[in-house]
Amino acid sequence: MDAILSKGSLATLATVATVLQFLTGTVICNRYIRKKSTGDTSAFPFISGFLSCFMWLKYGVLTEESTVMLVNFIGSALFFSYTVVFFIFCVNKREVIRQMMLISCIILSATFYTMFEQDAEKSIRIIGLLCCCLAVLFFASPLTMLAHVIRTQNTDSLPFPIIVASFFVCFLWTAYGVLIGDRFIQVPNLLGGILAGIQLTLYVIYPKQKASSSGGPRYSPLVSENPIL
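Residues numbered from 1 in each chain as written. Predicted model: local features only at pLDDT ≥ 70, side-chain atom pairs only at ≥ 80, totals over all residues. Heavy atoms only, no water.

(A) Geometry of the packing of aromatic side chains. Enumeration over the complete set of coordinates arrives at nine aromatic pairs. Note on Tyr 59 and Phe 184: the rings are 6.0 Å apart at their centroids and 80 degrees apart in plane angle, and the pair reads as edge-to-face. Highlighted residues: Tyr 59 in helix 3 (residues 44-63) and Phe 184 in helix 9 (residues 183-205), separated in sequence by 125 residues. A network of ring pairs unites the aromatic residues Phe 22, Phe 46, Phe 79 and Tyr 82 as a single cluster. The ring of Phe 87 carries the charged tip of Lys 93 above its face, separated from the ring centre by 5.5 Å. A cation sits over an aromatic face here: Arg 183 above Phe 184, 4.8 Å from the ring centre. (Phe/Tyr/Trp six-rings, centres within 6.5 Å; stacked < 30°, edge-to-face > 60°. Helix = DSSP H or I, 4+ residues; strand = E, 2+ residues; numbered from the N terminus. Lys NZ or Arg CZ within 6 Å of the ring centre and 35° of its normal.)

(B) Summary view of a nonpolar patch on the surface. A contiguous nonpolar patch, built from Val 136, Val 187, Leu 190, Leu 191, Ile 194 and Ile 198 and spanning about 470 Å² of accessible area, is present on the exposed surface. With five residues, helix 9 is the largest single contributor of residues to the nonpolar patch. When its relative accessible area of 41% is taken as the criterion, Leu 191 is described as partly exposed. (Patch = residues over 30% accessible without salt bridge, like charges linked within 9 Å, V, L, I, M, F, W, Y side chains within 5 Å. Areas by Shrake-Rupley, 256 points an atom, 1.4 Å probe, with all protein chains shown as cover. Salt bridge = Lys/Arg side-chain N within 4 Å of Asp/Glu carboxyl O. Buried < 20%, exposed > 50% of the residue type's maximum accessible area, 1.4 Å probe, protein only.)

(C) Broad picture of the pattern of salt bridges. Evaluated as defined, the whole model comprises one salt bridge. The closest approach of N and O atoms between Glu 95 and Arg 98, which form a salt bridge, is 2.6 Å. Of this pair, Glu 95 and Arg 98 both sit in helix 5 (residues 93-116), three residues apart, which is roughly one turn of that helix.

(D) The arrangement of helix 3 in detail. With 20 residues, helix 3 ought to run about 28 Å at 1.5 Å a step, and its terminal C-alpha atoms sit 28 Å apart, in line with that. Along helix 3, 14 of the 20 residues are buried, which leaves the element largely enclosed by surrounding structure. Backbone geometry just downstream of helix 3 places Glu 64 in the positive-phi region, at approximately 60 degrees. (Expected span 1.5 Å × (residues − 1).)

(E) Representation of the confidence of the model for the protein chain within the structure. Across the protein chain, the average pLDDT comes to 83, with 83% of residues at 70 or higher. Here helix 7 (residues 146-152) is the element of the protein chain with the lowest mean pLDDT, 73, and helix 4 (residues 66-89) is the one with the highest, 94. The model gives residues 211-225 a pLDDT under 50, and that stretch makes 25 contacts with residues more than four places away or in other chains. (pLDDT = per-residue confidence, 0-100. Contact = heavy atoms within 4.5 Å.)

(F) Inspection of the packing of helix 3 against helix 5 at higher detail. Interaxial distance between helix 3 and helix 5 falls to 10 Å at its minimum, and their mutual angle equals 10 degrees. Put simply, helix 3 runs roughly parallel to helix 5. On helix 5, the residues that touch Phe 44, Ile 47, Phe 50, Leu 51, Phe 54, Met 55, Lys 58 and Leu 62 of helix 3 are Val 96, Gln 99, Met 100, Ile 103, Ile 106, Ile 107, Ala 110, Thr 111 and Thr 114. Partitioned by chemical class, the residues of the contact of helix 3 with helix 5 number 13 nonpolar, three polar and one charged. (Axes fitted to C-alpha atoms, helices over the stretch in contact; angles between N-to-C directions. Parallel < 35°, antiparallel > 145°, perpendicular 65-115°, else oblique. Nonpolar A, V, L, I, M, F, W, Y, C, P; charged D, E, K, R; others polar.)

Below, the structure is given as structure tokens:
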């Protein structure tokens, strides 16, 4: 009974925390709607977020994990909505369509594979590996900026609230993966948590400086806002 309660509590915490993280996209979309323009930003974070959530949703269906299914169903709906809003207000609609066609090919390929693959365990392994690869790519991309932070000894580019939230979410999903014995959930979230931990360590080593009155250059945040799950 205690194990069931622990799993249920952890699943609830992980779901709530992840959905709250997904909802940060509404702030960005609200800005687009008010300005009636997306400026020079890219739709890729929304599109890649949709791809990640959809693939994890498929993995949840294959493994019959209701928590994974629920959180990624919500994530898929939200990121698809964000992409639609971006498409409405962007100038380069052709680029958005091209990116959507690319991820559609990936989704259709994965869907057809799971439909025709007779070995259920093999399907779970293949889709799980695909989800892990997507997650690792999302978490690895910010590493390109770590050298800049270390070189300048300046953590102004580190968005502290996002890093803490990412660390918390990754910790919850890693713990959930350990509890249910699923390495495909454990590994990418553990890597994401380690990355967030490294950035928090840099925050201690190089405390964030106060903005000068003249203003300074703004750098891209090191933590990807795309969730793993």
